[in-house]
Amino acid sequence: QQFVEARTWVPASVMGHNAGGLLVRSEEEGLYGFLPLSQMSPGLRLWLANLEKEEELRRAKPDAAAAKGEGEEQEGDAKRAVRLAALAAIVGEQIFVRLLSVDATSGRMVMTCVEEEAHPEDEENLRQAKRRVVSSLTEGDVMEASVTNVAPFGAFCQVAGLDAMVHISEITYRRLSHPGEVLSVGDRVKAVVTNVDPAALRVALSIKRLQKDPLLETLDELVAASESGVVAAVEGNIPLVDDVCRMLVRGGEVEAAVPGQRVRSSSVSKEFQLFLSTESANGFKLVARHLDTMQEVNVTTSMPREELKVAVAGIIAKLAKDTSVVQP
């Protein structure tokens, strides 16, 4: 009862669900109760609505409908199934709740995560609870995040009960037109904390920083081999490779830049991309990629790796001004 009167907010884990809401437990305070749909915060309701949309789209696919026999479901049954699937997707997540009431006879606890205008202290109490979680986070922490919404500029997530954002540039190393190409509401992803804003109680995340940087990949890892194990060679040079070679030598610190083998690639890029790959006996290997092919560029130089990276970036920037197929 003291938690009801104090209006104390606590972090809680979602342990289960039914058609009416979520079962939550706060290990910190030893509370276990029910969070009805009517007591969900606007943010949680939006998350649930987005999950329901994803589930409806999934169930609308012919193969999914046939597998579950959903074509014969009554409308009410179908809506209930969608709601249950969406609630199930939140199980395992952490949210912030406060104890709304306790049944004196059964001891049954009802939770809420709604801030009431009649009690201004709710907002501050909730902020204090979130501050405790924020203070435990540092840049570099690897967390599991759940995607709650997808926008043109990035993905909104929940991590440890906090609002988080993965900017579109931090989702993957390849260029995206929209985050929805690789992420959907309900996805659970591993991400690294890149920024913690204690004032706004928000967290910035990166998914791609846990992936292998293409700049460090070798040509052998990037090209696709045929079933016989023989790499499919392609005649001629990738457009702009000759320009890159000329510009590198023109800088004066590169003795030679020679196009190497061109092969089919396991990935496709609409833009011309240039990666600094591995060291060689006399310098470095660059890897150029465009459409479905890749090509080595053998660079003879005594330049340190970091200086060559700067030179390559400068060339890409110059080419980008003259062509629309270059990715800086």
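Just so it is clear, the structure is predicted and the values come from calculations on it, not from any experiment.

Rules behind the numbers
Residues numbered from 1 in each chain as written. Predicted model: local features only at pLDDT ≥ 70, side-chain atom pairs only at ≥ 80, totals over all residues. Heavy atoms only, no water. Helix = DSSP H or I, 4+ residues; strand = E, 2+ residues; numbered from the N terminus. Buried < 20%, exposed > 50% of the residue type's maximum accessible area, 1.4 Å probe, protein only. Contact = heavy atoms within 4.5 Å. Areas by Shrake-Rupley, 256 points an atom, 1.4 Å probe, with all protein chains shown as cover. Pairing = 2+ DSSP bridges. Axes fitted to C-alpha atoms, helices over the stretch in contact; angles between N-to-C directions. Lys, Arg positive; Asp, Glu negative; His and termini not counted. Salt bridge = Lys/Arg side-chain N within 4 Å of Asp/Glu carboxyl O.

A. Structural detail: the overall build of the chain. For the chain, the helix and strand inventory stands at eight helices and 12 strands. Sorting the 328 residues of the chain into buried and exposed places 41% on the buried side. Summarising the internal contacts of the chain: among those between residues at least 6 apart in sequence, 62% fall at separations of at least 24. Surface summary for the chain: the accessible area is close to 17400 Å², and the carbon and sulfur share equals 50%.

B. Inspection of the sheet that holds strand β10 (residues 202–206) at higher detail. Around the barrel, five strands lie side by side as β6-β7-β8-β10-β9; this closed barrel has mixed pairing. Strand-to-strand twist of the sheet, defined as the mean angle between neighbouring strand axes without regard to direction, takes the value 50°. Docked against the sheet, helix α2 (residues 42–60) engages β6 (142–151) and β7 (154–159), running at close to 75° with respect to β6.

C. Structural view of the pairing of β7. The buried count for β7 comes to five of six residues, which makes it a mostly enclosed element. As paired elements, β6 and β7 share five bridges and run antiparallel to each other. Bridged to V147 within β7 is C157. Linkage of β6 to β7, two consecutive antiparallel strands, is achieved through a turn of two residues. Alignment of β7 against strand β8 (residues 162–167), held across six bridges, turns out to be antiparallel. Its bridge partner being in β8, G154 is matched across the sheet by H167. In this antiparallel pair of consecutive strands, β7 and β8, the connection spans two residues, and A160 shows a positive phi of 55°.

D. Highlighting the side chain of K208. With respect to the secondary-structure elements, K208 resides in the loop between β10 and α6 (219–222). One buried charged side chain, K208, makes no salt bridge at all; its nearest oppositely charged neighbour is E170, positioned 4.8 Å away. Those residues in contact with K208 that sit more than four places away from it in its chain are S169, E170, I171, T172 and Y173.

E. Quick look at the pattern of salt bridges. Under the criterion given, the structure shown has nine salt bridges. The residue E27 makes a salt bridge to R25 at a minimum N-O spacing of 3.7 Å. A salt bridge links E52 to R83; the shortest N-O distance between them is 2.2 Å. Placement of E52 in helix α2 and of R83 in helix α4 (residues 75–88) is noted, with a sequence separation of 31 residues between them. Because the salt bridges share partners, they merge into one network encompassing E55, R58 and R59.

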